[in-house]
Amino acid sequence: MFYSIIFSLIKFIIWILNGKTKVTNKDRIPQGNYVLIAPHRTWFDMLFFTVNLLPKQFYFLAKKELFKNRIFAWCLKKCHVEPVDRDNPGISVVKKPIKTLRKTDLSVMMFPSGTRHSSKLKGGAAFIAQAAGVPMIPVVYQGPLTLKAAFCRNKAFINFGNPIYIEKCLKLNEAAQQKIETQMTAAFKDLDNEINPNYVYKDVSKMPH
C-alpha cells in the first residue's frame, strides 16, 4: 500500500511539473516477473520508469549511504529498496533479487552500467535473470536530465524493448557475458532510435557550467 501511494503521488507531481510522459511499446512487456534494465541517465529516471509501470511493483538495490537517515531509510525499505555496500557488495546482492523474482510478484529494476557516469556494462543483471528464470526487459529514457529542465516541462519519453531471454544452460563465462552486453547495448541504441534517430546522451556532470 505504501509503495502504491508514494509512487502514485510522484506520478501526479511529475504530471504537474513535466506533463504527461510519452510511453511507447509497453505491450512488449510479457506477463510475470522480469529484470528491467536501462542506461542510467539521470538520478530520477528510475522514478519515470516506476510510475509509468504502476500497478507493477519493483525491488531495488541502492547505495547504503542513502540509508543514513532513519526516516528516509524506513521509507526506502517500505518501497522495496535494499541497501548495498558498493565496496563490499557480498553475495546478497544477487541472492536477494533472485529470491524476490522467484518468491514474490515483484520485478527487479537494474542499471547494468551501475552509475550515471559509466558506459561500461556489468554482468549482474544477466546472472540474476538467468538464475531466476525470467527475461530482461530493456528500456530507455529520453528527457530532462536535471530538475531545472524537468520544471521547464521539457517532454520525457520512455520506450520499452523486446524481452531478452538467457538460456538456463548457458554458461555465463566472459565470452557469453560480452555477447549479452553487446545485445543490451544494441537494444538500448535501437530503442533510442525509435524515439529519436538523432538522440545523443550528454552526461550533464561532464558539461561545462
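Since the model is a prediction, treat every value here as computed from it, not as a measurement.

The rules behind the values
- Residues numbered from 1 in each chain as written.
- Predicted model: local features only at pLDDT ≥ 70, side-chain atom pairs only at ≥ 80, totals over all residues.
- Heavy atoms only, no water.
- Helix = DSSP H or I, 4+ residues; strand = E, 2+ residues; numbered from the N terminus.
- Expected span 1.5 Å × (residues − 1).
- Contact = heavy atoms within 4.5 Å.
- Buried < 20%, exposed > 50% of the residue type's maximum accessible area, 1.4 Å probe, protein only.
- Salt bridge = Lys/Arg side-chain N within 4 Å of Asp/Glu carboxyl O.
- Pairing = 2+ DSSP bridges.
- Axes fitted to C-alpha atoms, helices over the stretch in contact; angles between N-to-C directions.

So, on to helix 7 (residues 174-195). Helical geometry note: an α-helix holds 3.6 residues per turn, so side chains three or four residues apart project in the same direction. Given a rise of 1.5 Å per residue, 22 residues ought to cover 32 Å, and the 32 Å separating the end C-alpha atoms of helix 7 matches this to within 8%. The inward-facing, buried residues of helix 7 abut strand 2 (35-37), helix 5 (124-132), strand 6 (136-142) and strand 7 (157-160).

Here we take up the environment of Val-94. Looking at the secondary structure, you find Val-94 in helix 4 (residues 92-103). In this structure Val-94 comes out as buried when scored by relative accessible area, which is 19%. Once the C-alpha coordinates of Val-94 and Ala-129 are considered, the two residues, 35 residues apart in sequence, prove to be 9.9 Å apart.

Tallied over the entire structure, the rule returns three salt bridges. For the salt bridge of Glu-194 with Arg-28, the shortest nitrogen-to-oxygen distance reads 3.3 Å. Of this pair, Glu-194 sits in helix 7 while Arg-28 sits in the loop between strand 1 (22-24) and strand 2, placing them 166 residues apart in sequence. Residue class for Glu-194 comes out partly exposed when judged on its relative accessible area of 44%. The residue Lys-96 makes a salt bridge to Glu-82 at a minimum N-O spacing of 3.8 Å. You can see Lys-96 sitting in helix 4 and its partner Glu-82 sitting in strand 4 (residues 81-84), a full 14 residues away along the chain. In this structure Lys-96 comes out as partly exposed when scored by relative accessible area, which is 41%.

On to the sheet that holds strand 3 (residues 58-63), then. Taken together, the seven strands give an open sheet; going across it, the order is 1-7-6-2-5-3-4, and neighbouring strands pair in mixed fashion. Since the sheet does not close on itself, it has two edges, and those belong to strand 1 and strand 4, each with one partner. Averaged over neighbouring strand pairs, the angle between their axes works out to 25° when direction is ignored. Bridge analysis of strand 1 against strand 7 gives three bridges, and the strand direction is parallel. Each bridged residue has a counterpart across the sheet, and for Lys-22 the counterpart in strand 7 is Phe-157. Along the sheet, helix 5 contacts strand 2, strand 5 (107-110) and strand 6; its crossing angle with strand 2, the most-contacted strand, is approximately 160°. Contacts from helix 7 reach strand 2, strand 6 and strand 7, with the element oriented near 40° to strand 6.

What follows deals with unusual backbone geometry. In this chain, Leu-54 is followed by Pro-55 through a cis amide linkage whose omega measures 10°. Assignment of secondary structure puts Pro-55 in the loop between helix 2 (45-51) and strand 3. Backbone geometry places Asn-25, a non-glycine residue, at a positive phi of 60°. Here Asn-25 shows up in the loop between strand 1 and strand 2. On the basis of relative accessibility, which here comes to 26%, the residue Asn-25 falls in the partly exposed class.

Distances and angles like these do not, on their own, reveal function.
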